[in-house]
Amino acid sequence: LGLMRAGSVGERRKLIDTAVADGCRAMIERLVTDAMPDTRTVEERRFFLEPDEEMPDEWPHRDEGNTAMLREAVDSLRRSKSTLTRADGREYVSCRKLMASWGDMKPFPGGDPADATNPDPGPGISEVCRCCISCRGRTDENGAQVEKELRQHIRLPRLTPTPFVPDTKPVDVKKGPAVVFLFSGGVFRGVFQVGFTNAVSELGIQPDVVAGSSVGTIVGALTSRVFQRPAALDLVERQRQTRRLAATFLTIDRFVLTDRFADFVRRFSIHAAAADFSPRDLDLIFRRYEMDSGYTFSQRARRVFSGMERLFHLSPFELVRLAQTFRAGHWQDAAEQIKKLIQQMMDRHGVGLELLGPEPLQQLIDGFVFDGKVTPNTRLDYFGFPLIGTTTNFTAGRLEILRHTNPWDPRFTQSLLAGSAFPVVFRPRWSWEVYRRPEQVAQYADGGVMDNLPLGAVVEYLWGKDSASRVERRPEVPHLILTATLEPEKADWTEKEDVDRLGWTDINTRATQLRYNGKIDKFQRGQRDIRRIIKQRAAEGDPDVRSPDLPMNLDVLAVKPQWLCGTFAFHPMLGFSRQKQTESIAHGCASTICAVADHFHPKNTAHAINVDLLRNWASGRGIALEQLPERIHPEGKGALRYGPAQLSAEEQQQGACWFRGVDPKTGRRPICPFHPQSPACGDDKEVDDELHKIYLACGQRKNHEARGA
């Protein structure tokens with residue numbers, strides 16, 4: 001990639017010389033390390049993915065006869081104090097001095113001479129040695145140089161074992177229940193989760209962990225950017241980030257519909273218009289070929305064969321071979337031929353591996369999360385709290401968890417792209433793209449292929465040692481997992497008319513719908529049953545209720561939509577339906593506010609928690625319980641049990657929220673951040689008008705009712 005970006009021959013030569021110098025230095029350091037006594041600890045070996053015990057092999061440089069001379073050379077340089085120790089305690093020695101002491105090796109002819117400006121030149125080819133940088137220079141916060149750059153030196157292994165401490169970011173110690181935001185996969189239905197993000201932000205719910213799968217991994221990263229700065233410090237800035245997130249999703253079709261995909265649709269449409277044949281022509285050529293005269297058959301065959309080649313790049317010979325396979329009844333062979341021909345056609349159009357390229361999504365992540373200022377060493381704890389994703393290892397056939405404690409060290413943006421690489425739409429990512437220190441060569445794709453809602457990854461993280469200093473395993477108030485599922489609420493058919501006249505399509509749709517949210521519902525019921533059992537055993541005086549091996553105390557607050565946008569709900573040339581996108585964001589926000597109101601309702605005992613204790617904890621966390629709405633339509637479903645409220649024309653002009661209650665501090669309803677009267681409103685009238693449509697859509701009951709089957 002660097003060679004491709006190099007602007008001149010000189011720059012390319014310098015890049016090549018630098019790569020050669022790095023390889024030379026790395027090999028010498030490896031030879032020295034193998035020759036010297038091993039002072040690495042077991043923890044250090046595991047961190048660098050090496051075996052716990054030294055494994056003998058048959059490499060020549062491991063032979064004692066070859067290593068004794070090198071070991072003596074290093075020891076003699078140390079005794080003569082010819083080594084250099086930097087401020088970080090690492091020891092270095094000049095390559096030229098090591099070569100001279102190790103077998104009296106002479107430098108290459110024509111190399112750089114030793115002088116006052118360069119007392120320790122490299123022993124090899126001068127063009128390469130000049131590009132050998134062992135340590136970069138260091139400056140203080142004022143820009144003054146603290147340590148000079150070190151060249152033509154190799155790093156020596158330390159003399160004695162010392163405790164190994166990985167370079168990890170310090171975290172604040174937190175006890176008590178953790179709040180987890182969990183985002184499920186669902187491709188372009190994820191716009192519903194933007195409304196979820198706005199609702200929890202407005203209610204003052206701050207996450208301790210953010211996790212996701214598939215598109216939820218990217219939504220989780222963008223949401224983490226919104227919550228990077230607590231609302232108590234700057235609420236208006238938080239609302240600006242929320243508006244920015246919503247505007248991004250309203251225009252995401254401009255990001256994902258790449259030129260590659262548009263060109264494919266355009267070329268295919270042009271070729272289809274030029275293909276002058278119909279299905280009837282195919283029938284008269286391959287089945288009812290006795291119907292036409294010789295001249296008519298010849299003309300029709302020419303149109304069919306030329307049209308098939310224009311449309312599918314299918315030559316007449318391949319078409320005849322395919323027809324012979326079908327007529328012989330070899331269906332499996334025919335299917336294999338069709339797959340091969342389709343792959344060849346897709347390759348010709350430039351979409352053989354992926355319909356959409358990841359470059360626009362990468363720009364979106366880097367631009368939104370880092371404001372365009374990307375740093376290469378960013379980890380998944382960049383926001384001050386852990387970001388957890390999942391990806392499917394296509395090679396090994398297993399689900400892998402992406403988090404900052406992974407010893408392979410996932411790259412930030414590339415791991416998000418791997419976790420959301422939906423097959424066919426995006427290409428799989430290689431292990432060296434996803435990780436900085438991969439253990440094996442593998443390909444990685446969408447995590448939703450194996451687990452669309454990674455509850456297990458969240459539980460594993462909260463149970464693990466990394467979070468042991470942050471949270472208790474069984475606090476009195478359970479850890480709260482808030483999730484915006486991308487599977488609609490099941491419809492109630494008890495009062496459905498004409499059930500006896502259902503068609504097979506209706507039955508199939510109903511069967512699919514009954515599987516929705518099954519995993520989250522079972523997990524929720526299981527956790528609540530465990531709490532009831534432990535409470536009963538504690539009342540009976542069972543001492544095992546204080547055992548450290550008891551499962552974690554968790555509760556799930558699931559936000560279930562009444563309807564969603566389609567999985568791939570966009571026109572290949574026109575993009576998304578902007579109206580449905582705004583309605584979905586509004587529905588997600590209202591559904592989340594009402595789901596939180598249900599969870600913290602004073603009369604809710606379904607979650608098997610002391611309600612007063614739960615509400616006191618929520619108030620201590622800064623959750624705005626006083627803004628939660630009251631039920632006005634008990635017979636309604638979802639958000640319709642609580643609203644939308646009947647706002648006056650003046651309240652609507654002021655931007656009063658349709659679902660949140662009156663704030664006792666101000667005596668008014670809070671202002672929606674999507675309304676033009678919001679303090680977070682910007683100067684771009686076009687964007688403000690589009691976001692205002694979210695506010696207007698939220699006040700319409702039809703946008704919170706179930707749609708379709």
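Anyway, here's the lowdown on the structure attached to this text. (Residues numbered from 1 in each chain as written. Predicted model: local features only at pLDDT ≥ 70, side-chain atom pairs only at ≥ 80, totals over all residues. Heavy atoms only, no water.)

## With respect to the packing of aromatic side chains
If you walk through the whole model with that rule in mind, you get 16 aromatic pairs. Between phenylalanine 383 and phenylalanine 385, the aromatic rings sit 6.1 Å apart at their centres with planes inclined by 25 degrees, giving stacked as the arrangement. Aromatic pair tryptophan 658 and tyrosine 695: ring centres 5.5 Å apart, planes at 35 degrees, arrangement tilted. Separated by 37 residues along the polypeptide, tryptophan 658 in the loop between helix 24 (649-654) and helix 25 (685-698) and tyrosine 695 in helix 25 bring together distant segments of the chain. One aromatic cluster is present, formed by Phe370, Tyr382, Phe383, Phe385 and Phe412 through successive ring pairs. For the cation-ring pair, arginine 244 lies above phenylalanine 368, with the distance from its terminal atom to the ring centre recorded as 4.5 Å. Across the ring face of tryptophan 463, the terminal group of arginine 473 is positioned such that the distance to the ring centre comes to 3.8 Å. (Phe/Tyr/Trp six-rings, centres within 6.5 Å; stacked < 30°, edge-to-face > 60°. Helix = DSSP H or I, 4+ residues; strand = E, 2+ residues; numbered from the N terminus. Lys NZ or Arg CZ within 6 Å of the ring centre and 35° of its normal.)

## Topic: the nonpolar core
With 97 residues, the main nonpolar core has Phe181, Ile205, Phe412, Leu482, Phe600 and Phe659 as its most contacted residues. The biggest single contributor to this core is helix 22 (residues 578-599), with nine residues. Phenylalanine 412 has contacts with Ala221, Ile365, Val369, Phe370, Thr378, Arg379, Leu380, Tyr382, Phe383 and Leu387, leaving out every residue within four places of it along the chain. The next biggest cluster of nonpolar side chains, apart from the first, holds 20 residues, and it includes Ile388, Ala457, Met552 and Ala558. (Core = buried A, V, L, I, M, F, W, Y, C linked by side-chain atoms within 4.5 Å. Buried < 20%, exposed > 50% of the residue type's maximum accessible area, 1.4 Å probe, protein only. Contact = heavy atoms within 4.5 Å.)

## Comments concerning the packing of helix 13 (residues 294-312) against helix 14 (residues 316-327)
Contact geometry for helix 13 and helix 14: axes closest at 9 Å, N-to-C directions at 105 degrees. One element, helix 13, and the other, helix 14, form an angle in the roughly perpendicular class. For the pair helix 13 and helix 14, contact is made by Phe305, Met308 and Glu309 and by Pro316, Leu319 and Val320, respectively. (Axes fitted to C-alpha atoms, helices over the stretch in contact; angles between N-to-C directions. Parallel < 35°, antiparallel > 145°, perpendicular 65-115°, else oblique.)

## Here we look at the side chain of aspartate 409
Inspection of the secondary structure assignment puts aspartate 409 in the loop between strand 11 (398-402) and helix 17 (412-419). Aspartate 409 gets classed as buried once you look at its relative accessible area, which sits at 10%. Once residues lying within four places of it in the same chain are set aside, the contact partners of aspartate 409 are Arg379, Val434, Tyr435, Arg436 and Arg437.

## Overview of the side chain of arginine 225
Tracing the sequence through the fold places arginine 225 in helix 8 (residues 215-226). When its relative accessible area of 13% is taken as the criterion, arginine 225 is described as buried. Beyond its immediate sequence surroundings of up to four residues, arginine 225 is in contact with Gln241, Phe368, Val369, Asp371 and Phe383.

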